[in-house]
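Given next are the chains, with one letter for each unit.
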Amino acid sequence: MDSAHKHHPPFPIHLVSSSSCTEFTHLLNSLLQSSLVALDAEWKPRRSSTPQNSSPFPAVTLLQIACRSELGAEVFLVDLLGVELGQVYRALKELFEDERVVKLGFKFKQDLVYLSHTFVSNGFEPGFDKVEPFLDITNIHHYMKYQNTEKKPSKDTKSLATICEELLGISLSKELQCSDWSIRPLTEDQIKYAANDAYYLLEIFSIFQQKLNSEGNKNHNDLLQILIQNYGDKIELKESDRVRKLTKRKGKERNGKEKMEINIEWLGPAPWDPLIGGDGNPKFLCDVMIEGLAKSLRCVGIDAATPFSKKPDPRELLNQAYKEKRVLLTRDIKLFRYQYLSQNQVYKVKHLIKNDQLLEVIETFQLNISEDRLMSRCTKCNGNFIQKPLSIEEAIEASKGFQRIPSCLFDKNLEFWKCTDCHQLYWEGTQYHNAVEKFISICKLKE
């Protein structure tokens, strides 16, 4: 499966950082020429410690607009911390109300509420009351997956990453979703992430369009009308949408219920500490929220398992960690509330970005990372490699019916390594050497 973040995006990205830059003029022209526009927004995540008298909604700091015209697709990242908001307000209001332009989004109503509040809090009148015509990507997904089948669409809305995986075969990483989008400048990874989220809405629409074409709807203008009539919708904001809704739990807390005091700092010792009978080999269990961290730990030679099931309950996670003498790494604060929690069994990872998480764990647990241990574990299952490397002939035989070895490797004098658990084959090619250099840099092994 292809990764949407592994290579440079196959479309132009324009960073609109001010109202006077050429990219802003280009955005306005593109909006005039486009009959299809995809929308998404990013904001700084709100923490549980946010003061109760603060703004009811987070401020949108980045707006992604993907346009498709006869010239192709392009993505504009509008920096709402840099542009003159008055000009953006007028352009968006016209776009949202233009009946000639189909607007695409993924559960965009929340984004629209936050976007409207951002402008209102900066002195503008509430103006984003309606987006029409609008097409939600979830409706397209339901049509593509369940048409001509007897299955009923699931009541649970799938994530955009899952929809991209099912319809496009694209692995859309959501690692940066909760990063701080108010910090400038944006990182290169944040720019790619934000652009991809909007662009792949257009790609999903394209395969939907192709399917309808194959069913006899050839004319582009007629097709858009069919889409609007049969699958289109509109977003309308009511006055109640502009008021932050409290959950029952938060309501109780505000009414004087005491919150449990939880200590999430790591105090030690770890289960593997020789002073308490451990074998000295660090072992972790990463829950489903931070599976990416598990792969990073494996890449630097650390034993990092993942849960047995895809949706484990807290008791299963804690039991697995206890039986295997692992420290459970998580970002789920609720795990600390269980009475049967063993001392020093769980550590709450504070950082959001995978590389920062890796450094945090290395520093907290004082892990000894060396260059000769990089890429020494199977990143797929956490297994060890066989002691003796395989020749190309042995690797081809071992891969039959299981894994394809590129023919370009046949004439190269390479050694192959097989995982003793899942039998995945590895070799020291370009990808291997790039990974080694990456983790040497991250872990600062040459400083």
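Keep in mind that this is a model prediction, so the values were computed, not measured. (Residues numbered from 1 in each chain as written. Predicted model: local features only at pLDDT ≥ 70, side-chain atom pairs only at ≥ 80, totals over all residues. Heavy atoms only, no water.)

Enquirer: What exactly am I supposed to notice about the pattern of salt bridges here?
Expert: On inspection of all chains with the given rule, the structure shows 13 salt bridges. A salt bridge links Lys-44 to Asp-180, with the shortest nitrogen-to-oxygen separation between them at 4.0 Å. Here Lys-44, found in the loop between strand E3 (36-43) and strand E4 (60-69), pairs with Asp-180, found in the loop between strand E8 (170-171) and helix H6 (188-214); they are 136 residues apart in sequence, far enough to count as distant. Residue Lys-44 is classed as partly exposed on the basis of its relative accessible area, which comes to 43%. When salt bridges that share partners are traced, they join Asp-303, Glu-324, Arg-326 and Arg-377 into one network. (Salt bridge = Lys/Arg side-chain N within 4 Å of Asp/Glu carboxyl O. Helix = DSSP H or I, 4+ residues; strand = E, 2+ residues; numbered from the N terminus. Buried < 20%, exposed > 50% of the residue type's maximum accessible area, 1.4 Å probe, protein only.)

Enquirer: What is the right way to look at the packing of helix H2 (residues 85-97) against helix H3 (residues 108-120) in this model?
Expert: When two helices pack together, their arrangement is captured by the angle between the axes and the distance separating the axes. Viewed as axis vectors pointing N to C, H2 and H3 meet at an angle of 140 degrees, and their least axial separation amounts to 11 Å. The chirality of how H2 crosses H3 is left-handed. Listed contacts from H3 to Leu-85, Val-88, Tyr-89, Leu-92 and Phe-96 of H2 are Leu-112, Leu-115 and Phe-119. Of the residues in the contact of H2 with H3, the class split is eight nonpolar, no polar and no charged. (Axes fitted to C-alpha atoms, helices over the stretch in contact; angles between N-to-C directions. Left-handed = near helix turned anticlockwise from the far one by under 90°. Contact = heavy atoms within 4.5 Å. Nonpolar A, V, L, I, M, F, W, Y, C, P; charged D, E, K, R; others polar.)

Enquirer: Looking at this structure, I do not really get the nonpolar core. What am I missing?
Expert: For soluble globular proteins, the rule of thumb is that nonpolar side chains tend to be buried together. Counting 38 residues, the largest nonpolar core has Val-75 and Ile-204 as the members making the most contacts within it. Residue assignment for this core shows that the elements contributing at least two residues are E3, E4, strand E5 (72-79), strand E6 (102-105), helix H4 (137-146), helix H5 (160-168) and H6. With 13 residues, H6 is the single largest residue contributor to this core. Those residues in contact with Val-75 that lie beyond four places of it in its chain are Phe-11, Pro-12, Ile-13, His-14, Ile-65, Ala-66, Ala-195, Ala-198 and Tyr-199. Ranked by size, the runner-up nonpolar core spans 36 residues in total, among them Val-37, Val-113, Tyr-114 and Leu-115. (Core = buried A, V, L, I, M, F, W, Y, C linked by side-chain atoms within 4.5 Å.)

Enquirer: I'm lost on the sheet that holds strand E11 (residues 303-305) in this one. Help?
Expert: Strands in a sheet are paired, the pairing made by backbone hydrogen bonds, and the direction either parallel or antiparallel. Here we have four strands laid out as an open sheet, ordered E11-E10-E12-E13, and parallel in their pairing. The open sheet is flanked by E11 and strand E13 (346-348), the only strands paired with a single partner. Across the sheet, the mean angle from the axis of one strand to that of its neighbour is 30 degrees, orientation sign disregarded. This element, helix H9 (residues 291-299), spans strand E10 (283-286), E11 and strand E12 (327-330) of the sheet and lies at about 160 degrees to E11. (Pairing = 2+ DSSP bridges.)

Enquirer: Mind showing me how you'd approach the pairing of E3 here?
Expert: For a regular strand, side chains alternate in direction, first toward one face of the sheet and then toward the other. When you tally the buried positions in E3, you get eight out of eight residues, the bulk of the element. Burial along E3 is two-sided: the residues Leu-36, Ala-38, Asp-40 and Glu-42 and Val-37, Leu-39, Ala-41 and Trp-43 are all buried. Sheet topology note: the E3/E4 ladder contains eight bridges and is antiparallel. Residue pairing in the sheet places Asp-40 in a bridge with Gln-64 of E4. When E3 meets E6, the two strands line up parallel, connected through three bridges. Among the inter-strand pairings, Leu-36 is bridged to a residue of E6, identified as Val-102.

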